[in-house]
Amino acid sequence: PEETVTSSFASFIHAARPEHLSQTVRQRSKRMILDSIGVGLVGSTTRVFDIALRYCRELYSSVAVSSVYGKPGVKLSPTLAAFTNGVATHSMDFDDTWHPATHPSGAVLPALLAASQMLPPNTKPNGLDFLLAFNVGLEVQGRLMHFSTEAHNIPKRFHPPSVVGTLGSAAATAKLLSLSSAQCCHALGIAASLAGAPMANAATQAKPLHVGNATRLGLEAALLAARGMEANPLILDDIPGCSGFSAFYSVYQPKPLSTPGEHHEFLLEKQDIAFKRFPAHLGMHWVVDAALSVRNLFINYAGSFSPSLIRSIMLKIPVSKYINRPFPSSEHQARHSFQFNACAALLDGEVGLGSFSESSIHRQELRELLDKVVVEHPEDNVANFDKMYGEVALLLHSGDVLTGKCDTFYGHWRKPLSKESLLKKFRSNASHVLPEEKIEAIITLVDNLENLSDSSQL
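Residues numbered from 1 in each chain as written. Predicted model: local features only at pLDDT ≥ 70, side-chain atom pairs only at ≥ 80, totals over all residues. Heavy atoms only, no water.

### So, the overall build of the protein
- A tally of regular secondary structure across the protein gives 17 helices and 6 strands.
- The C-alpha atoms of the protein give 22 Å as radius of gyration, which agrees with the globular expectation for 458 residues (23 Å, within 12%).
- Going through the 458 residues of the protein one by one, you find that 59% of them count as buried.
- Long-range pairs, those at least 24 residues apart, make up 77% of the contacts in the protein between residues at least 6 apart in sequence.
- Taken together, the 40 basic and 42 acidic charged side chains of the protein have centroids lying 3 Å from each other. (Helix = DSSP H or I, 4+ residues; strand = E, 2+ residues; numbered from the N terminus. Rg over C-alpha atoms; globule rule 2.2 N^0.38 Å. Buried < 20%, exposed > 50% of the residue type's maximum accessible area, 1.4 Å probe, protein only. Contact = heavy atoms within 4.5 Å. Lys, Arg positive; Asp, Glu negative; His and termini not counted. Charge placed at Lys NZ, Arg CZ, Asp CG, Glu CD.)

### Considering the pattern of salt bridges
- Summed over all chains, the structure comprises 15 salt bridges.
- Salt bridges sharing partners connect three or more residues here, namely Arg26, Lys30 and Glu450. (Salt bridge = Lys/Arg side-chain N within 4 Å of Asp/Glu carboxyl O.)

### Some points on helix H13 (residues 338-348)
- For H13, the buried fraction is high: 10 of the 11 residues fall into the buried class.
- Listed as buried for H13 are Phe338, Gln339, Phe340, Asn341, Ala342, Cys343, Ala344, Ala345, Leu346 and Leu347.
- Count one or two residues on from H13 and you reach Gly349, which has phi positive near 75°.

### Section: the domain arrangement of the protein
- Taken as a whole, the protein is organised into domain 1 (5-277 + 417-457) and domain 2 (282-406).
- On a C-alpha basis, the centres of domain 1 and domain 2 stand 33 Å from each other.
- The interface is formed by 22 residues belonging to domain 1 together with 18 residues belonging to domain 2.
- Both faces considered, domain 1 and domain 2 share a buried interface measuring about 1,800 Å² in area, 63% of it formed by carbon and sulfur atoms.
- If you sort the residues of domain 1 by the area they bury against domain 2, Ile154, Ala203 and Arg277 come out on top, with a joint share of 37%.
- Our count for the contact surface shared by domain 1 and domain 2 stands at 1 salt bridge.
- Among the ionic pairs, Asp289 bridges to Arg277, the shortest N-O distance being 2.6 Å.
- For the pair domain 1 and domain 2, the interface holds 7 residue pairs in polar contact (both at pLDDT 80 or more). (Domains from an automatic or database assignment. Buried area = accessible area lost by both parts, 1.4 Å probe. Polar contact = N/O pair within 3.5 Å; in protein donor to acceptor, adjacent residues only side chain to side chain.)

### Quick look at the packing of aromatic side chains
- What the rule picks out here adds up to 12 aromatic pairs.
- Against the face of Phe83 rests Arg216, its NZ or CZ located 5.8 Å from the ring centre. (Phe/Tyr/Trp six-rings, centres within 6.5 Å; stacked < 30°, edge-to-face > 60°. Lys NZ or Arg CZ within 6 Å of the ring centre and 35° of its normal.)

### Overview of the nonpolar core
- Ranked by size, the top nonpolar core spans 97 residues in total, and within it Leu236 and Phe245 carry the most contacts.
- The dominant element in this core, judged by the number of residues it contributes, is helix H6 (residues 127-145), at 10 residues.
- Leaving out residues up to four positions away in the same chain, Leu236 has contacts with Val5, Thr6, Phe9, Leu144, Leu167, Leu188, Phe245, Tyr252 and Pro254. (Core = buried A, V, L, I, M, F, W, Y, C linked by side-chain atoms within 4.5 Å.)

### Regarding the layout of surface pockets
- Of the volumes computed, that of the largest pocket is approximately 600 Å³.
- Taken together, 29 residues form the lining of the largest pocket, with Leu41, Ser67, Val68, Tyr69 and Leu458 sitting closest to its centre.
- When residues of the lining of the largest pocket are assigned to their parent elements, the largest contribution, 6 residues, is made by helix H5 (residues 104-118).
- A breakdown of the residues in the lining of the largest pocket according to their chemical character gives 17 nonpolar, 9 polar and 3 charged.
- Of the volumes computed, that of the second largest pocket is approximately 420 Å³.
- As for the second largest pocket, its lining consists of 20 residues, and the residues nearest its centre are Asn153, Ile154, Pro155, Lys156 and Arg157.
- Counted by class, the lining of the second largest pocket contains 13 nonpolar, 3 polar and 4 charged residues.
- Looking at which domains feed residues into the lining of the second largest pocket, each of domain 1 (5-277 + 417-457) and domain 2 (282-406) gives three or more. (1 Å grid on protein atoms, 1.4 Å probe; cavity = no way out; pocket = protein on both sides within 12 Å on 5 of 7 lines; lining within 4 Å. Points joined across faces, edges and corners; volume = space filled by probe spheres on them. Nonpolar A, V, L, I, M, F, W, Y, C, P; charged D, E, K, R; others polar.)

### Re the UniProt feature "domain: MmgE/PrpD C-terminal" (unreviewed entry) in the protein
- When the UniProt feature table is mapped onto this chain, "domain: MmgE/PrpD C-terminal" (unreviewed entry) is found at residues 278-450.
- Helix makes up 40% of residues 278-450 and strand 14%, and the two end C-alpha atoms of the span are 30 Å apart. (UniProt positions renumbered as here; feature names shortened; annotations may be inferred.)

Written out as structure tokens, the structure is:
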């Protein structure tokens with residue numbers, strides 16, 4: 001039969017082999033796995049995670065075999081463990097971001113961790129199988145995002161990981177479970193019917209559910225396909241008059257995915273990932289670096305940072321409604337506020353975990369700085385993580401103007417975190433819930449993932 005876009009994706013999932021992963025892809029994806037685990041561990045200390053965990057423990061009873069981030073001795077059913085760990089990963093908006101914009105690791109890794117523990121002892125996937133499945137999940141997400149020019153910009157209608165992440169989770173789990181090509185095709189189709197979440201829930205406690213649901217529902221889609229459930233075998237194709245995956249995009253031009261081998265290059269080979277240095281929406285990292293730059297100029301100018309000398313603060317940022325929040329009143333709103341993050345960086349000289357506490361958000365001195373903020377949207381500053389910039393200008397009562405600008409923040413794919421910086425972030429995050437010896441053991445396991453005989457040890 002004639003190959004379709006959907007069947008090409010299914011064939012890719014089924015045919016991918018460990019030897020298809022280059023050394024660059026292996027190293028970059030292991031960095032992602034380590035960072036995502038650390039983010040999930042520190043995320044297990046949040047209120048939204050506690051709500052999700054309590055919900056799962058109280059309302060569901062099933063075979064509990066899969067571990068939960070930060071909760072030694074607590075186990076849930078595989079799908080609920082994936083859900084809870086996905087919520088933890090995105091609970092602080094601290095997880096990695098790709099381009100086109102999505103959070104790829106959090107939608108895939110929890111499903112694979114849960115599935116690894118679910119499988120019988122004699123069928124446990126090894127570390128190389130795990131790494132391959134993870135990269136299959138990334139590749140599917142990335143290829144789907146490239147089918148529409150709309151996906152390249154900061155989203156407006158739906159949160160991307162709730163859509164592409166769900167299919168990525170299904171693809172990754174299907175690979176880990178060694179499903180047939182036909183079953184992989186059905187897994188993608190089932191996942192498409194479980195996908196989607198509106199952007200209106202950004203900056204609320206509901207947003208972490210988008211990643212939790214993506215990883216859980218993708219896992220469920222693969223499990224259903226493994227048990228014989230079928231779906232539309234053309235779900236990724238552009239069929240006039242009948243929307244499949246194209247329902248999520250107004251412009252949709254799918255292309256077949258080549259069979260893995262010497263002629264296929266994984267997207268992660270060409271497009272590195274962005275790791276966040278502090279727990280907030282990715283767009284905040286531009287304005288924070290710009291604010292820190294102008295703060296240093298101000299200290300050189302005045303001898304210390306004195307807000308009373310500032311008449312107004314000009315932010316030049318792209319148009320994006322859900323992250324333009326002049327006076328955030330909650331931690332989740334603050335993580336999605338250009339104004340808050342710029343002012344917190346100016347006031348404190350840094351942005352970190354403590355910046356989003358209740359006491360920090362409602363400080364009088366911070367409120368006074370927020371009152372001075374004026375926003376401009378230059379035409380050349382587009383809402384695109386590959387093209388945008390952040391600029392912070394301080395207009396002083398003296399008439400002088402000091403300006404800081406950031407085109408590429410440290411941690412962006414064009415300016416990757418060093419190994420030392422990534423390890424520092426992981427150790428800091430994991431230390432909130434794990435002792436030092438376990439932290440170092442995880443680092444060693446991930447670093448030697450290809451040699452792990454049983455990936456459920458992770």
